[in-house]
Amino acid sequence: MPTTAAPRQPSLSLVTPDPGADEARRRGLRQMRTVAVGLLVLAACVYVATLGRDGFWGFVNAGAEASMVGAIADWFAVTALFKHPLGLPIPHTALVPQRKDELGKGLEEFVGENFLQEDIIRERVAAATISARVGEWLGEEAHARRVVDEVADVAVIALGKVRDDHVADLVTQALVPRFREEPISPLLGTTLMEVLRDDLHHGLVDLAVDELHSWLVDNPETFTRVLEERAPWWAPPKLNDAVTSRLHVQALAWLEDIRDDPHHRAREALDSMLGQLAHDLLNDTETQHRTEGLKERLLDHPQVVTTAISLWKAMRSALLGSIQDPQGAVRRRLLDELSAFAGRLRDDAALRERLDRTAADLTVFAVERYGAELTTVITHTIERWDGKEAARRIELHVGRDLQFIRINGTIVGGLVGVVIHALSLAVH
C-alpha cells in the first residue's frame, strides 16, 4: 500500500530584510572586498616587478611574496566560512551552511552558560536601577498622565470586548456549577457567627428600625388601611379607627424604644434568634438541608443570569463613564496614586532596594524556569533556516568586518616576509 510522504517543513528566513539597510551593507562589503583584492593585486605586481633582484628590492620582493601568501590564506579562511572556495568541495569549508545546526547548538550553550546565570542576572538588574528610573520617570506629571491614559484606553477596550453572552456563560458554566458543589450552610453559619461576635449586625438593625419608624410616621393611612383589611366585618368603624390609631401609636413607641435602648428585649431576642440560626446552619442537618434546597432553587431561577447581566451592565456603564472622562474620579485617583508612588520611589531607598530585589528574584525565577526554552529557540530557529540563505545573510552582516582579516593578513604577511628574509640573510 503506498504511503504518503510527510510534507516538507518550509525553511524560515532569518528576518524580514530592510532593503535600504541591506543595500548599505552590500555596498560596504563590496568596498572592503575591493580593498582586500586591490592589496593582493598590488602585492602580486610588486612581486613580479622585483623578482630576481637583490639588495633593497630583495626585501621588497620577499615582503610582496609573503603578502600574497597571507592574503590568499586569509581569503581562503574567510571564504570557507560561507561557501566552498572556487566552488571546490574541499573538506571543512562552507561551514555555516553545512554545520549551522552545530553552530546553533554551540551558540545556545554559549548564551546559557555566559548570560543566563543567576549572578550575572542579579548584577545586571541591580545596575539597571529599575525602581529609581521608574520613580524619576513617573515623577513628571506628563509621564504619569500618559500611563493613566494608556491604562484607561486598555480598560475601555477590555470592557468593550466583554459581551452579555460572555457574562451569561461565566455565570452558567463557571459560577453556578461551583456554587452547586460548594455547601453554603457552613459558609453562612460561620459568617453569621462572626457577624454576631463582632456586633456587626447592630448597625443594620439600627438602620432597619430607623427606616421602619420613618415609614410609619410618613404613612399612617397605609398602616391603618392594612390593619382595617384584617379587621372583623362586624366591628364598628369607630372602634376600628380607635384600635388602628392606638396600634399605630404603640408601634411608633415600640420602635422608638428599640432605637434608643441598645439592650432592648427585642434586640436581645433577635440576637438569640440569629445565634440559634448560625448554630443550626453549622450543626443541624435539617436546617442545612433546607438551606441547600433554597440555594438550589435560587440557582435554578432564570432571573439569576438576567440579574448578573444587569449588574454587569450597570457596573460597566459606571466604569466606562468614569474612565472615559479625563477629569473622572477613576483617572484622578490613578494619577494621584501614581504621583504618590513616584514620590515614594524617589525618597525611600529601602523601598527601591526591595523592589529591585524583587525584580531580580522574578527575573531569576523566569530564567531558571524558562531559560532552557528560551535558548532552545536559538537552536530550533537556526535548524529551520535554509543553509545557503543563512550563510548569505550572515555574510552580509559581518562580511565587511571579516575583510579586515584579509587586509591584515596581507600587511602582516608582508612584514613577516621582510623579517624572515632579513633573518635568512643574517644566517648566511
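Keep in mind that what you see is a predicted model, and the values were worked out from it rather than measured.

What the protein chain contains, in helices and strands, is 18 helices and 0 strands. Its C-alpha atoms give the protein chain a radius of gyration of 44 Å, clearly above 22 Å, the size a compact globule of 428 residues would have. Judged by the C-alpha coordinates and their principal axes, the protein chain covers about 150 × 75 × 40 Å. Put simply, the protein chain has 428 residues, and 26% of those count as buried. For the protein chain, the share of sequence-separated contacts (at least 6 apart) that also reach a separation of at least 24 residues comes to 73%. With the model as given, the accessible surface of the protein chain reaches about 28900 Å², and the carbon-plus-sulfur share is 62%. Charge separation in the protein chain, taken as the distance between the mean sites of 48 positive and 63 negative side-chain charges, equals 9 Å.

This model, assessed by the stated rule, comprises 23 salt bridges. A salt bridge links D164 to R316; the shortest N-O distance between them is 3.8 Å. Here the residue D164 occupies a position in helix 8 (residues 164-181), and R316 occupies one in helix 15 (residues 303-324), the gap between them amounting to 152 residues. Residue classification places D164 among the partly exposed residues on the basis of a relative accessible area of 27%. Residues participating in the shared-partner salt-bridge network are E23, R26 and R30.

Right, let's talk about the environment of I90 for a bit. Here I90 is to be found in the loop between helix 2 (56-82) and helix 3 (95-98). The class for I90 is partly exposed, based on a relative accessible area of 29%. Expressed as a C-alpha distance, the spacing of I90 and V418, which sit 328 residues apart in the sequence, is 31 Å. Leaving out residues up to four positions away in the same chain, I90 has contacts with F76 and H84.

Another point: a negative patch on the surface. Among the surface-exposed residues, E256, D257, D261 and E268 lie close enough to one another that they form a single negatively charged patch. Examined against the element boundaries, E256 turns out to sit in helix 12 (residues 237-260).

Judged by nonpolar contacts, A152, L159, V167, A168, V171, V176, L299, I309, W312, L320 and I323 together constitute the single largest core of 11 residues. Of all the secondary-structure elements, those providing two or more residues to this core are helix 7 (141-161), helix 8 and helix 15. The residues touching L159, leaving out its near neighbours within four places in the chain, are W312, R316, L319, L320 and I323. Residues V205, L216, F223 and A251 belong to the second largest nonpolar core, which totals 8 residues.

Across the protein chain, the average pLDDT comes to 85, with 95% of residues at 70 or higher. Averaged pLDDT values over the elements of the protein chain bottom out at 78 in helix 3 and peak at 91 in helix 13 (residues 265-283). Per-residue pLDDT stays below 50 along residues 1-15; that stretch engages in 13 contacts with residues further than four places along the chain or on separate chains.

Our next topic: a nonpolar patch on the surface. On the surface, a nonpolar cluster with roughly 360 Å² of combined accessible area is contributed by V151, M315, L319, V330 and L334. Counting only elements with at least two residues in the nonpolar patch, the list comes to helix 15 and helix 16 (329-347). By relative accessible area, L319 is classed as partly exposed at 32%.

Our next topic: the UniProt feature "transmembrane region" (unreviewed entry) in the protein chain. When the UniProt feature table is mapped to this numbering, "transmembrane region" (unreviewed entry) covers residues 34-50. Between the end C-alpha atoms of residues 34-50 the distance is 24 Å, and the span holds 94% helix and 0% strand.

With 18 residues, helix 10 (residues 201-218) ought to run about 26 Å at 1.5 Å a step, and its terminal C-alpha atoms sit 26 Å apart, in line with that. Inspection of helix 10 places H201, V205, V209, H213 and L216 among the buried residues, and these make up the whole buried set. In a view along the axis of helix 10, the buried residues occupy a sector of 105 degrees, so they form one face of it. In helix 10, those exposed residues whose orientation departs by more than 90 degrees from the buried face are L204, E211 and D218. In this fold, the buried residues of helix 10 make contact with helix 9 (184-197), helix 11 (220-229), helix 12 and helix 13.

Before going further, it helps to examine unusual backbone geometry. Backbone geometry places L86, a non-glycine residue, at a positive phi of 60 degrees. Inspection of the secondary structure puts L86 in the loop between helix 2 and helix 3. With a relative accessible area of 70%, L86 lands in the exposed category.

A rise of 1.5 Å per residue sets the reference length of helix 9, with its 14 residues, at 20 Å; its end C-alpha atoms lie 20 Å apart and thus fit the reference within 8%. Where helix 9 is buried, its residues contact helix 10, helix 13 and helix 14 (285-300). Phi turns positive, to about 55 degrees, at D199, one or two residues after helix 9.

With that settled, the discussion passes to the packing of helix 6 (residues 130-138) against helix 16. The contact between helix 6 and helix 16 brings their axes to 8 Å, and the two run at 135 degrees. In terms of orientation, helix 6 and helix 16 fall into the oblique class. Where helix 6 crosses over helix 16, the two elements pack in a sense that is left-handed. Residues S131, V134, G135 and L138 of helix 6 lie in contact with helix 16, whose contacting residues are L338, F341, A342, L345 and R346. Class assignment of the residues belonging to the contact of helix 6 with helix 16 gives a composition of 6 nonpolar, 2 polar and 1 charged.

To continue, consider the environment of A24. Inspection of the secondary structure puts A24 in helix 1 (residues 19-49). Along the chain, A24 and V367 lie 343 residues apart, while their C-alpha atoms are 37 Å from each other.

The rules behind the values
Residues numbered from 1 in each chain as written. Predicted model: local features only at pLDDT ≥ 70, side-chain atom pairs only at ≥ 80, totals over all residues. Heavy atoms only, no water. Helix = DSSP H or I, 4+ residues; strand = E, 2+ residues; numbered from the N terminus. Rg over C-alpha atoms; globule rule 2.2 N^0.38 Å. Buried < 20%, exposed > 50% of the residue type's maximum accessible area, 1.4 Å probe, protein only. Contact = heavy atoms within 4.5 Å. Areas by Shrake-Rupley, 256 points an atom, 1.4 Å probe, with all protein chains shown as cover. Lys, Arg positive; Asp, Glu negative; His and termini not counted. Charge placed at Lys NZ, Arg CZ, Asp CG, Glu CD. Salt bridge = Lys/Arg side-chain N within 4 Å of Asp/Glu carboxyl O. Patch = residues over 30% accessible without salt bridge, like charges linked within 9 Å, V, L, I, M, F, W, Y side chains within 5 Å. Core = buried A, V, L, I, M, F, W, Y, C linked by side-chain atoms within 4.5 Å. pLDDT = per-residue confidence, 0-100. UniProt positions renumbered as here; feature names shortened; annotations may be inferred. Expected span 1.5 Å × (residues − 1). Arc of directions from axis to C-beta. Axes fitted to C-alpha atoms, helices over the stretch in contact; angles between N-to-C directions. Parallel < 35°, antiparallel > 145°, perpendicular 65-115°, else oblique. Left-handed = near helix turned anticlockwise from the far one by under 90°. Nonpolar A, V, L, I, M, F, W, Y, C, P; charged D, E, K, R; others polar.

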